[in-house]
Amino acid sequence: MIGIRGYIAAAAVLTALILAWPLSTLAETGIDGGWLALLAILGLIPAMDAAIAVVNRGITRGLGATILPGLELRGGVPPHCRTILAVP
């Protein structure tokens, strides 16, 4: 497994690709570099959001779901396993 470094690298590369396509198209039309930099800054968060969604989807499809072990609490919940759940 690649771990967190692979996850971050995949998200960063995909973010760069998502952001590069519209910026290169705008650069071909002759837009000034300052405007391109501003548009890159404004588009960075939506591009990162889309890239992370694609990476998460790929990981979910690649690994699949696994069944987690459960506790058998036939005699009730013991005191050391109790907690409070607050729902607003």
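Summary of the structure given here. Quick caveat: nothing in here was measured; it's all calculated off a predicted structure. (Residues numbered from 1 in each chain as written. Predicted model: local features only at pLDDT ≥ 70, side-chain atom pairs only at ≥ 80, totals over all residues. Heavy atoms only, no water.)

Topic: helix 2 (residues 33–63)
Part 1 of the reasoning: The first and last C-alpha atoms of helix 2 sit 42 Å apart over 31 residues, in line with the 45 Å expected at 1.5 Å per residue.
Part 2 of the reasoning: The largest bend along helix 2 measures about 40 degrees and falls at G43, with the proline P46 one to four residues further on.
Part 3 of the reasoning: Restricting attention to buried positions, one finds in helix 2 the residues L36, A40, G43, A47, A51 and V55.
Part 4 of the reasoning: Tucked into the core, helix 2 has its buried residues touching helix 1 (4–28). (Helix = DSSP H or I, 4+ residues; strand = E, 2+ residues; numbered from the N terminus. Expected span 1.5 Å × (residues − 1). Bend = angle between axes of the 7 residues up to and from the residue. Buried < 20%, exposed > 50% of the residue type's maximum accessible area, 1.4 Å probe, protein only. Contact = heavy atoms within 4.5 Å.)

Side note on the nonpolar core
Part 1 of the reasoning: Formed by L19, L23, L36, A40 and A47, the largest nonpolar core amounts to five residues.
Part 2 of the reasoning: Of all elements in the fold, only helix 1 and helix 2 reach the threshold of two or more residues within this core.
Part 3 of the reasoning: Considering each element in turn, this core owes the most residues, three residues, to helix 2.
Part 4 of the reasoning: For L19, the residues in contact, after removing those within four places along its chain, are A40, G43, L44 and A47. (Core = buried A, V, L, I, M, F, W, Y, C linked by side-chain atoms within 4.5 Å.)

Remarks on helix 1
Part 1 of the reasoning: The end-to-end C-alpha separation of helix 1 is 36 Å, in line with the 36 Å expected for 25 residues at 1.5 Å each.
Part 2 of the reasoning: Bending of helix 1 peaks at approximately 30 degrees at the position of A20, with proline P22 no more than four residues after it.
Part 3 of the reasoning: Against the buried residues of helix 1 lie helix 2.
Part 4 of the reasoning: Residue G30 follows helix 1 closely and has a positive phi angle near 100 degrees.

Brief notes about the packing of helix 1 against helix 2
Part 1 of the reasoning: Packing of helix 1 against helix 2 brings their axes to within 7 Å, and their N-to-C directions diverge by 135 degrees. Of the possible angle classes, the one that applies to helix 1 and helix 2 is oblique. Along this stretch, helix 1 crosses helix 2, giving a crossing that reads as right-handed.
Part 2 of the reasoning: A breakdown of the residues in the contact of helix 1 with helix 2 according to their chemical character gives 21 nonpolar, three polar and no charged. (Axes fitted to C-alpha atoms, helices over the stretch in contact; angles between N-to-C directions. Parallel < 35°, antiparallel > 145°, perpendicular 65-115°, else oblique. Left-handed = near helix turned anticlockwise from the far one by under 90°. Nonpolar A, V, L, I, M, F, W, Y, C, P; charged D, E, K, R; others polar.)

Examining the side chain of T15
Part 1 of the reasoning: Locating T15 in the fold gives a position in helix 1.
Part 2 of the reasoning: Once you skip the residues sitting within four places of it in the chain, T15 turns out to touch L44, A47, M48 and A51.

Examining the environment of V54
Part 1 of the reasoning: Within the secondary structure layout, V54 lies in helix 2.
Part 2 of the reasoning: When the C-alpha atoms of V54 and A10 are compared, they prove to be 9.7 Å apart, with 44 residues separating the residues in sequence.

Side note on the pattern of salt bridges
Part 1 of the reasoning: Inspection of every chain in the model, using the stated rule, returns one salt bridge.
Part 2 of the reasoning: Here R74 ties to E72 by a salt bridge, and the two come within 2.6 Å at their closest N and O atoms.
Part 3 of the reasoning: Accessibility expressed as a relative area gives 74% for R74, which makes it exposed. (Salt bridge = Lys/Arg side-chain N within 4 Å of Asp/Glu carboxyl O.)

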